[in-house]
Amino acid sequence: MLDAYPIDNNLRKGNFSARMRMAILYDKAQELNGMVIGTSNKSELLLGYGTIFGDLASAFNPIGDLYKSEIFEFAKFLGVNEEIISKPPSADLWEGQSDEADLGYTYAQIDEVLAKYVDERWTKEELLEIYDNNLVNMIIKRIYQNQFKRKMPPIAKLKSRTITHDFLYERDIKL
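Rules and cut-offs
Residues numbered from 1 in each chain as written. Predicted model: local features only at pLDDT ≥ 70, side-chain atom pairs only at ≥ 80, totals over all residues. Heavy atoms only, no water. Helix = DSSP H or I, 4+ residues; strand = E, 2+ residues; numbered from the N terminus. Buried < 20%, exposed > 50% of the residue type's maximum accessible area, 1.4 Å probe, protein only. Contact = heavy atoms within 4.5 Å. Phe/Tyr/Trp six-rings, centres within 6.5 Å; stacked < 30°, edge-to-face > 60°. Lys NZ or Arg CZ within 6 Å of the ring centre and 35° of its normal. Axes fitted to C-alpha atoms, helices over the stretch in contact; angles between N-to-C directions. Parallel < 35°, antiparallel > 145°, perpendicular 65-115°, else oblique. Left-handed = near helix turned anticlockwise from the far one by under 90°. Nonpolar A, V, L, I, M, F, W, Y, C, P; charged D, E, K, R; others polar.

Caption draft 1: Main features of the overall build of the protein chain. When you go through the protein chain residue by residue, the secondary structure sums to eight helices and zero strands. Listed N to C, the secondary structure of the protein chain is α-α-α-α-α-α-α-α in terms of helices and strands. Taken along its principal axes, the extent of the C-alpha atoms in the protein chain is 55 × 45 × 40 Å. Among the 175 residues that make up the protein chain, the fraction classed as buried is 30%. A fraction of 52% describes how many contacts in the protein chain between residues 6 or more apart in sequence connect residues 24 or more apart.

Below, the structure is given as structure tokens:
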């Protein structure tokens, strides 16, 4: 299919591939009367390291509140084969792609800063006293730049009752 639509940019190719992969998963879920389970973790979600309507799409995400490094720990606890756990994280969207190479830091480095900034509510200034300036700035910039990926798309309010504006409550739905 990509031959019909040549893409010479790895990011575009990766996003396209992620969306096609998710379209197939949703189709299979429909066929099997199933549901698509999300695989994005807290690190990826905060950094925006995912594709809207691609790997970020799901009906339910059981690991979205666990950092990537916690996923590795959980996999060890479950007895997942070490070969799988130690494989460099990759969305496998193009040949040789690596999450950590794309981000410029390991998930261990990233998660340490993310946990302090998000969960422990450290300030940027507190982080900069301990961590690499480029790492801290990259993380904070990505968190704010990619906030839109963690929200439903905004709906223009044109009528008196608009979904997500004033049609919010279960009480509004009557069977």
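Caption draft 2: Broad picture of the packing of aromatic side chains. Inspection of every chain in the model, using the stated rule, returns one aromatic pair. With 6.4 Å between their ring centres and 15° between their planes, Phe-74 and Phe-77 make a pair best called stacked. With a gap of three residues between them, Phe-74 and Phe-77 both fall in helix α3 (residues 68-78), about one helical turn apart. Assessed through its relative accessible area of 40%, Phe-74 is described here as partly exposed. Relative accessible area serves as the criterion here: at 67%, Phe-77 is assigned to the exposed category. The ring centre of Trp-122 lies 5.1 Å from the NZ or CZ of Lys-116, which sits over that ring.

Caption draft 3: Just the packing of helix α6 (residues 107-119) against helix α8 (residues 133-145), in detail. Between α6 and α8, whose axes approach to 10 Å, the crossing angle comes to 60°. Here α6 lies oblique to α8, going by the angle between them. α6 and α8 meet at a crossing whose hand is right-handed. Together, Gln-109, Ile-110, Val-113, Leu-114, Tyr-117 and Val-118 of α6 and Leu-135, Val-136, Met-138, Ile-139, Ile-140, Ile-143 and Tyr-144 of α8 make up the contact between the two elements. Looking at the contact of α6 with α8 residue by residue, the class counts come to 12 nonpolar, one polar and no charged.

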